[in-house]
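# Chain and residue survey
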Amino acid sequence: MALKKSLVPQSVYRRQLAACLKELRDATGLTLTAVADQLEVNQGSLSRIENGERGTTAVLVRAPLDLYGVEDEDRRSDVLDLVRADKEQQKPWWRKYSTVLTPTRYGGYLTLEAGATHLASYQPMLVPGLLQTEDYARAVISQMRKDLAPSQIESLVRVRMERQHNRLGGEAPARLWAILDEAVLRRVVGSVEVMRDQMRKLAAASEQPNVTVQLLPFSLGAHPGLYGPFVILTFPDPTPDLVWLENPKNSVYLESLDDVDNYIDIFGELRASALDPSETHIRIARISKELEE
């Protein structure tokens, strides 16, 4: 199983840039050594750029583009746009919260999530962060992060709310498909009132065109999702999908094709077994009403 544990993963744009530069070099038949010699630059630095391990600048990229004979202005602009986009993504909105994000590598996940076009989330225990109310998020974080002071808890709540605004709203919202186990709704987090508000938010979110919510009923019994929660992130071509697994101290992401395909298959099975979105909406309303009795 391929595990990546870098604190801040390569940005989507950096990986696209790396693939593009390698493709252009391969088309010329030049080796890295030959390119380094002709441009009089360090071969190791070129290799790290092509592997997506480091960023670069527009000025430095123009030289290999010239060497590779890339004369089409649109093609050159596309490559240079990737350079600029990667540079901008190194200054994300969540950087001001770094002191509370670092312990669980959460900052790394936010980097990935910011560039994803589709998010497939399975949660057996909690409402996904992108669909939580403030009070629900506060109750969850305060119980799961006993190491944090109240002000730090509030910082993480703000991060969660900003994520929702940035990823599910705006001009280019991500597509979220969330599958929840029925236990998520049956577990009272915070208070009965907090749960009622949370279920109202779930119902409202499921009516957004870019959000789908499905519920796995208790009656289903055992299912492939019992291994635990996960998120599959899909990016613009040619960047491959990734799977994110969150743990208390050492969250990781999986990128090997076998690992990702395995989780895609699991998500497909869960989606086929879950209540459809309209049935889910009815079940959420029913469980919410039961809380009032």
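### Let's talk about the pattern of salt bridges
In this structure the tally under the stated criterion is 16 salt bridges. Here Asp66 makes a salt bridge to Arg76, at a shortest N to O gap of 3.0 Å. Here Asp66, found in helix α4 (residues 58-67), pairs with Arg76, found in helix α5 (residues 73-89); they are 10 residues apart in sequence, far enough to count as distant. For Arg76, a relative accessible area of 12% translates into the label buried. A salt bridge links Asp197 to Arg200; the shortest N-O distance between them is 2.1 Å. Of this pair, Asp197 and Arg200 are both found in helix α11 (residues 192-205), three residues apart, which corresponds to roughly one turn of the helix. For Arg200, a relative accessible area of 43% corresponds to the partly exposed category. Residues joined by salt bridges that share partners form a network here, namely Lys22, Arg25, Asp26 and Glu50.

### Section: the confidence of the model for the protein
Scored by pLDDT, the protein has a mean of 86; 88% of the residues are at 70 or more. Confidence drops under pLDDT 50 across residues 1-8; counting only partners more than four residues distant or on other chains, this segment forms 24 contacts.

### Thoughts on the packing of helix α8 (residues 134-144) against helix α9 (residues 150-168)
Across the interface, α8 lies against α9 with an axial gap of 9 Å and an inter-helix angle of 135 degrees. On the basis of the axis angle, α8 is oblique to α9. In this structure, α8 meets α9 at a crossing whose hand is right-handed. Contacts between α8 and α9 involve Glu134, Ala137, Arg138, Ile141 and Ser142 from the first element and Ile153, Glu154, Leu156, Val157, Arg160 and Met161 from the second. The class makeup of the residues in the contact of α8 with α9 is six nonpolar, one polar and four charged.

Rules behind the numbers
Residues numbered from 1 in each chain as written. Predicted model: local features only at pLDDT ≥ 70, side-chain atom pairs only at ≥ 80, totals over all residues. Heavy atoms only, no water. Salt bridge = Lys/Arg side-chain N within 4 Å of Asp/Glu carboxyl O. Helix = DSSP H or I, 4+ residues; strand = E, 2+ residues; numbered from the N terminus. Buried < 20%, exposed > 50% of the residue type's maximum accessible area, 1.4 Å probe, protein only. pLDDT = per-residue confidence, 0-100. Contact = heavy atoms within 4.5 Å. Axes fitted to C-alpha atoms, helices over the stretch in contact; angles between N-to-C directions. Parallel < 35°, antiparallel > 145°, perpendicular 65-115°, else oblique. Left-handed = near helix turned anticlockwise from the far one by under 90°. Nonpolar A, V, L, I, M, F, W, Y, C, P; charged D, E, K, R; others polar.

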